[in-house]
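# Secondary and tertiary structure notes
Single-letter residue listing:
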Amino acid sequence: DPTGNISAKETLNLSVLANVNGSILYQNHCTSCHGSISNSSKSGASSQEIQDAINDIRTMRVESMLFLSPTQIDAISNAL
């Protein structure tokens, strides 16, 4: 609005953008194990490599990782 308040629509748009922003997704889901995105031990990982790791590595089989969509995994891969 004219006074600078964010509308509900803008808040939703920011939330949607965060759900497909690879850097934010990486920070929220990967940093604790793989380091910051700029120093990631998984730099250059493909979407398929990320999905395979989620499927195959027990410590990655947590709810927050299992429910990442293919679009979100692509966004993480692209950010790497």
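Quick note: structure is the one above.
All figures in this text were calculated on a predicted structure; none of them were measured in a lab. (Residues numbered from 1 in each chain as written. Predicted model: local features only at pLDDT ≥ 70, side-chain atom pairs only at ≥ 80, totals over all residues. Heavy atoms only, no water.)

### Remarks on the overall build of the protein chain
For the protein chain, the count of helices and strands is six helices and zero strands. Overall, the protein chain shows an N-to-C arrangement of helices and strands of α-α-α-α-α-α. The contacts in the protein chain between residues at least 6 apart in sequence include a share of 58% that link residues at least 24 apart. (Helix = DSSP H or I, 4+ residues; strand = E, 2+ residues; numbered from the N terminus. Contact = heavy atoms within 4.5 Å.)

### Considering the nonpolar core
One finds Ile50, Ile54, Leu68 and Ile76 to be the most contacted residues of the largest nonpolar core, which totals 13 residues. For this core, the secondary-structure elements that each account for two or more residues are α2 (22–29), α4 (47–56) and α6 (70–79). Discounting chain neighbours no more than four positions away, the residues touching Ile54 are Met60, Arg61, Met65, Leu66, Leu68 and Ile73. (Core = buried A, V, L, I, M, F, W, Y, C linked by side-chain atoms within 4.5 Å. Buried < 20%, exposed > 50% of the residue type's maximum accessible area, 1.4 Å probe, protein only.)

### Some remarks on the side chain of Ser77
In this fold, Ser77 is placed in helix α6. Residue class for Ser77 comes out buried when judged on its relative accessible area of 14%. With sequence-adjacent residues up to four places away left out, Ser77 is seen in contact with Ala45, Ser46, Ser47 and Ile50.

### Observations regarding the environment of Ser40
Secondary-structure assignment places Ser40 in the loop between α3 (31–34) and α4. Judged by its relative accessible area of 11%, Ser40 is buried. Residues within four places of Ser40 in sequence aside, it is in contact with Tyr26, His34 and Leu80. A distance of 2.9 Å separates a polar atom in the side chain of Ser40 from the backbone nitrogen of Lys42. (Polar contact = N/O pair within 3.5 Å; in protein donor to acceptor, adjacent residues only side chain to side chain.)

### Details of α2
Three or more residues of α2 are buried, namely Gly22, Leu25 and Tyr26. Considered in projection along α2, the buried side chains sweep an arc of 100° and stay on one side of the axis. More than 90 degrees from the buried face of α2, the exposed residues found are Gln27 and Asn28. Its side-chain oxygen 3.0 Å from the backbone nitrogen of Ser23, Asn21 forms the N-cap of α2. (Arc of directions from axis to C-beta.)

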